[in-house]
Amino acid sequence: MDINFIGHATFELSDGDSRVLIDPFLAPNNPAAKVSADDVDPTHILVTHGHADHVADLVPLAKRTGAQCVALVELANWLDEQGVENVSDPNYGGTVEFDWGWVKMVQAFHTGTLPDGTVVGGQAGLVINFGGTTVYHLGDTCLFGDLKLIAERTPVDIALMPIGGHYTMDRHDAVVAADFVGAGTVIPMHYNTFPPIETDAEAFKADVESKTSSQVVILEPGETHST
Ligand code: NI
Ligand code: MN
């Protein structure tokens, strides 16, 4: 599997046939991204929550590609109202299955106003099994103790973890989160996109690798980690 870091919280998991895009926020909306919505061709789109830095390109991209979308039920209903077809609408604890694996919606502590001002609440983390590899996209969240429980239920190979602070946990709390999740590999995200979330990813890497058993892979936007 290839994990392409598009930038901010946007990733694409791919085995060539299935292309799973998480939180579509692309250029020029996403100042970190090098590719626009015209440059991606997802078969599936998974969404953590409705903030603009996670869904700015979602509706037009879903309509153009016909990709199957997965989002918490209120956000899924909003997508229906926008004319997006092929939407799955789980709630926390729900698992949606595909030919490449599955995604389970898990807890994240955050808020949930849509770009049009609609307050839908509900913000998820995504535990994804892609071809037998478990990837946990934490979504936007602060540190919370049940990260440990989530990873205990489904051991995590690769954690995609926010470290930027201000809107999510910062790099110091994320070291504790990395310890709780216990993934083999941690890939930091949701930092350096905007001034309030500037942080030192190399310092995060040094702290995680000295205090936990995880290894940190820092990806620049556009770079890919292959398993
Ligand atoms: Ni957010
Ligand atoms: Mn965000």
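You'll find the structure just up there.
Residues numbered from 1 in each chain as written. Chains lettered and ligands numbered in written order. Predicted model: local features only at pLDDT ≥ 70, side-chain atom pairs only at ≥ 80, totals over all residues. Heavy atoms only, no water.

Enquirer: Would you mind going over the coordination of the manganese ion (ligand 2) with me for this structure?
Expert: For a metal with four tetrahedral donors the ideal donor-metal-donor angle is 109.5 degrees, while six octahedral donors give ideal angles of 90 or 180 degrees. Coordination sphere of the manganese ion (ligand 2), protein contribution only: D53 (OD), H54 (NE2), D140 (OD) and H190 (NE2), at 2.1 to 2.2 Å. Look at where the donors of the manganese ion (ligand 2) fall in the sequence and you get D-H-x85-D-x49-H. Here the nickel ion (ligand 1) and the manganese ion (ligand 2) are spaced 3.1 Å from one another, each receiving a donor from D140. One end of the pair, H54, is in helix α1 (residues 52–55); the other, D140, is in the loop between β10 (133–137) and α4 (147–153), with 86 residues separating them in the sequence. Among the residues examined, D140 registers a relative accessible area of 1% and is labelled buried. (Donors = N, O, S within 2.8 Å, 3.2 Å for Na, K, Ca; no water. Helix = DSSP H or I, 4+ residues; strand = E, 2+ residues; numbered from the N terminus. Buried < 20%, exposed > 50% of the residue type's maximum accessible area, 1.4 Å probe, protein only.)

Enquirer: Hey, could you run me through a negative patch on the surface in this one?
Expert: Together, D2, D15, D17 and D99 make up a negatively charged patch on the protein surface. Mapping D2 onto the fold places it in strand β1 (residues 2–7). (Patch = residues over 30% accessible without salt bridge, like charges linked within 9 Å, V, L, I, M, F, W, Y side chains within 5 Å. Areas by Shrake-Rupley, 256 points an atom, 1.4 Å probe, with all protein chains shown as cover. Salt bridge = Lys/Arg side-chain N within 4 Å of Asp/Glu carboxyl O. Lys, Arg positive; Asp, Glu negative; His and termini not counted. Charge placed at Lys NZ, Arg CZ, Asp CG, Glu CD.)

Enquirer: Is there a simple way to explain the sheet that holds strand β2 (residues 10–14) in this structure?
Expert: Strand pairs in the sheet, formed through backbone hydrogen bonds, run parallel or antiparallel to each other. Reading across from one edge, β6-β5-β4-β3-β2-β1-β14 is the order of the 7 strands in this open sheet, with mixed pairing throughout. The open sheet is flanked by β6 (87–88) and β14 (224–226), the only strands paired with a single partner. Here β1 runs beside β2; their pairing, made up of 5 bridges, is antiparallel. Across the sheet, the residue bridging to D2 is S14, located in β2. (Pairing = 2+ DSSP bridges.)

Enquirer: Any chance you could explain the sheet that holds strand β12 (residues 185–189) here in plain terms?
Expert: Spatially, the 7 strands line up as an open sheet ordered β7-β8-β9-β10-β11-β12-β13, and their pairing is mixed. With one partner strand each, in any of the chains shown, β7 (95–98) and β13 (215–216) form the two edges of the open sheet. As paired elements, strand β9 (residues 124–130) and β10 share 5 bridges and run antiparallel to each other. Across the sheet, the residue bridging to L126 is H137, located in β10. Relative to the sheet, helix α5 (residues 171–181) contacts β10, β11 (158–162) and β12, its axis offset from that of β11 by approximately 155°. (Contact = heavy atoms within 4.5 Å. Axes fitted to C-alpha atoms, helices over the stretch in contact; angles between N-to-C directions.)

Enquirer: What exactly am I supposed to notice about empty space enclosed by the protein here?
Expert: If a probe as big as a water molecule is rolled over the atoms, it shows which places are left empty. Counted according to the given criterion, the structure contains 1 cavity of 30 Å³ or more. For the lining of the largest cavity, the residue count by class is 3 nonpolar, 4 polar and 1 charged. (1 Å grid on protein atoms, 1.4 Å probe; cavity = no way out; pocket = protein on both sides within 12 Å on 5 of 7 lines; lining within 4 Å. Points joined across faces, edges and corners; volume = space filled by probe spheres on them. Nonpolar A, V, L, I, M, F, W, Y, C, P; charged D, E, K, R; others polar.)

Enquirer: Please explain the coordination of the nickel ion (ligand 1) as it appears in this structure.
Expert: Donor atoms from the polypeptide that bind the nickel ion (ligand 1) are H49 (NE2), H51 (ND1), H110 (NE2) and D140 (OD), placed at 2.2 to 2.3 Å. Considering all 4 donor atoms around the nickel ion (ligand 1), the spread of angles at the metal, 88 to 173°, places the coordination shape in the irregular class. All donors of the nickel ion (ligand 1) come from a single chain, and their spacing in sequence reads H-x1-H-x58-H-x29-D. (Tetrahedral: all angles 85-135°; square planar, octahedral: opposite > 155°, others 65-115°.)

Enquirer: Teacher, can you tell me more about the packing of aromatic side chains here?
Expert: Describing an aromatic ring pair means giving the distance of the ring centres and the angle of the ring planes. Inspection of every chain in the model, using the stated rule, returns 4 aromatic pairs. One aromatic cluster is present, formed by F98, W100 and F130 through successive ring pairs. (Phe/Tyr/Trp six-rings, centres within 6.5 Å; stacked < 30°, edge-to-face > 60°.)

Enquirer: How do you make sense of the nonpolar core when you look at a structure like this?
Expert: By size, the foremost hydrophobic cluster in this structure holds 26 residues, and its most contacted members are I3, F11, L13, L46, V103, I128 and V135. Of all the secondary-structure elements, those providing two or more residues to this core are β1, β2, β3 (19–22), β7, β8 (101–107), β9, β11 and β12. When near neighbours in sequence (up to four residues on either side) are disregarded, L46 contacts V20, L21, I22, D23, V70, F98, V103, L126 and I128. Within the second largest apolar cluster, 25 residues are counted, among which are V156, M161, M169 and A178. (Core = buried A, V, L, I, M, F, W, Y, C linked by side-chain atoms within 4.5 Å.)

Enquirer: What exactly am I supposed to notice about helix α2 (residues 58–65) here?
Expert: Residues spaced three or four apart along an α-helix face the same direction, because each turn holds 3.6 residues. Among all positions of α2, only L58, V59, L61 and A62 are buried. One or two residues past the end of α2 sits G66, with phi positive at roughly 70°.

Enquirer: When you look at the side chain of D140 in this model, what are you seeing that I'm missing?
Expert: Within the buried set, D140 has no salt-bridge partner at all; the shortest N-O distance to an opposite charge, 17 Å, is to R171. A polar contact of 3.0 Å, which involves the side chain of D140, links it to the side chain of H54. Looking at D140, its side chain comes within polar contact range of the side chain of H190, at 3.1 Å. (Polar contact = N/O pair within 3.5 Å; in protein donor to acceptor, adjacent residues only side chain to side chain.)

Enquirer: Honestly, the packing of α5 against helix α6 (residues 201–211) in this entry has me stumped. Any pointers?
Expert: A packed helix pair is summarised by two numbers, namely the angle formed by the two axes and the spacing between the axes. At a closest axis distance of 10 Å, the pairing of α5 and α6 adopts a crossing angle of 30°. Both α5 and α6 take part in a crossing whose hand is right-handed. Contact residues: R171, A174, V175 and A178 in α5; A203, F204, D207, V208 and K211 in α6. (Left-handed = near helix turned anticlockwise from the far one by under 90°.)

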